[in-house]
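Summary of the model geometry
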Amino acid sequence: MSEFTKSLLKDILIAVILASIILFFIRPTVVKQTSMQPTFNPNDYVILYKRAYSNKMPKRGDVIVFESSILDQNGKDKLLIKRVIGLPGDIITIKDDKLYINGNIYEEDYLKDGITPGLIDNLKVPDGEFFVMGDNRVVSLDSRSEEVGTIKKSRIRGKAVIRLFPFNKIKTFN
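Notes on the structure follow. Source: prediction; values computed, not measured.

1. A closer look at the nonpolar core
If you look at the biggest cluster of nonpolar residues, it comprises 12 residues: Ala 52, Tyr 53, Ile 64, Phe 66, Ile 70, Leu 80, Val 84, Phe 130, Val 132, Val 148, Ile 151 and Ile 156. For this core, the element with the most residues is strand 3 (residues 63–71), which contributes three residues. With near-sequence residues (within four places) excluded, Phe 66 lies in contact with Lys 78, Leu 79, Leu 80, Lys 82, Val 132, Val 148, Ile 151, Arg 155, Ile 156 and Arg 157.

As C-alpha cells, then:
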C-alpha cells in the first residue's frame, strides 16, 4: 500500500470519527411545514442539540423537535417542530383566541397572527409531559389536537439551537 493510500485512509478514518462524535450531539433538520412561521419557514435548515434534555427538563419557550404519533409517508412517527408552552402540572386554557397558563393570560410576541384559536378548558399537563404549539397557531397541528396531545419527554429528539439557512437569517435560540 502506498504512502498516499495510507494517508488518505487515515484522513477518511479521522473524518468519520469526528463526524460520528459531532452527530452524537447535534442533528441537522430541515423545516418542512408552515406551523412555526414566522420563527421558521419551510426549507429553513436548523441544528438540534440532541443532548439538551439529558439531565434537565425543557423550559417554556424552548423550540423542540419530537416524534409524534402521526405516521409519515414511510410509516414512521413523524417529527414535528413546536414551541414548549405548558410544563408538567400547568393548567392550560384557551378561550376567545387567548392562551392562559395557570389562570394568567400568556403573552407571546412571536405569534404569526397574534391569536391562539381553539377551546381548551383547564387541561392539566401530566407529569413528565409537555404542551406544545406552533407559532402559526391558525395552521399548526399541535397539543390542541387529539392526534398530537401532550408530549412525553422521551419523545423529544432535540432542541433547536441555531438556524443556519437561509444565511441572511442565521440565528441562535436559547
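2. Overview of the pattern of salt bridges
The full count for this structure, using the stated rule, is nine salt bridges. Two residues, Arg 60 and Asp 90, come together in a salt bridge whose shortest N-O distance is 2.7 Å. Here the residue Arg 60 occupies a position in the loop between strand 2 (45–49) and strand 3, and Asp 90 occupies one in the loop between strand 4 (77–86) and strand 5 (91–95), the gap between them amounting to 30 residues. In this structure Asp 90 comes out as buried when scored by relative accessible area, which is 8%.

3. Some words on the side chain of Asp 44
With respect to the helices and strands, Asp 44 occurs in the loop between strand 1 (26–30) and strand 2. Other than its neighbours up to four places away in sequence, Asp 44 contacts Thr 29, Val 30, Val 31, Thr 39, Arg 163, Phe 165 and Pro 166.

4. Some words on the packing of aromatic side chains
For the structure on display, the rule yields two aromatic pairs. Where Phe 40 meets Phe 173, the ring centres are 5.0 Å apart and the plane angle is 45°; that geometry is what we call tilted. Residue Phe 40 is located in the loop between strand 1 and strand 2, and its partner Phe 173 is located in the segment after strand 12 (171–172); the two are separated by 133 residues in the primary sequence. Of the two residues, Phe 40 and Phe 173, both sit in the buried class. Relative to Phe 167, the ring of Phe 165 lies with its centre 5.2 Å away and its plane at 90°, an arrangement referred to as edge-to-face. Classification of Phe 165 by relative accessible area gives partly exposed; the value is 40%.

5. Description of the sheet that holds strand 6 (residues 98–101)
The sheet built from four strands is open, its strands ordered 7-6-5-8 with antiparallel pairing. Across the chains shown, the open sheet's two edge strands, defined by having one partner strand only, are strand 7 (104–105) and strand 8 (120–124). Here three bridges tie strand 5 to strand 8, and the two strands are oriented antiparallel to one another. Counterpart to Ile 94 in the pairing with strand 8 is Ile 120.

6. Description of the environment of Ser 54
Inspection of the secondary structure assignment puts Ser 54 in the loop between strand 2 and strand 3. Its relative accessible area of 36% is what places Ser 54 among the partly exposed residues. Remark: the alpha-carbon pair of Ser 54 and Gly 158, spanning 104 residues in sequence, is separated by 9.8 Å. A distance of 3.1 Å separates a polar side-chain atom of Ser 54 from the backbone oxygen of Arg 51.

7. Remarks on the side chain of Ser 143
Structurally, the position occupied by Ser 143 is in the loop between strand 9 (129–133) and strand 10 (151–152). Residue classification places Ser 143 among the buried residues on the basis of a relative accessible area of 6%. Separated by 2.9 Å, the side chain of Ser 143 and the backbone nitrogen of Val 132 make a polar contact. Leaving out residues up to four positions away in the same chain, Ser 143 has contacts with Phe 130, Phe 131, Val 132, Val 148, Gly 149 and Thr 150.

How each quantity is defined
- Residues numbered from 1 in each chain as written.
- Predicted model: local features only at pLDDT ≥ 70, side-chain atom pairs only at ≥ 80, totals over all residues.
- Heavy atoms only, no water.
- Core = buried A, V, L, I, M, F, W, Y, C linked by side-chain atoms within 4.5 Å.
- Buried < 20%, exposed > 50% of the residue type's maximum accessible area, 1.4 Å probe, protein only.
- Helix = DSSP H or I, 4+ residues; strand = E, 2+ residues; numbered from the N terminus.
- Contact = heavy atoms within 4.5 Å.
- Salt bridge = Lys/Arg side-chain N within 4 Å of Asp/Glu carboxyl O.
- Phe/Tyr/Trp six-rings, centres within 6.5 Å; stacked < 30°, edge-to-face > 60°.
- Pairing = 2+ DSSP bridges.
- Polar contact = N/O pair within 3.5 Å; in protein donor to acceptor, adjacent residues only side chain to side chain.

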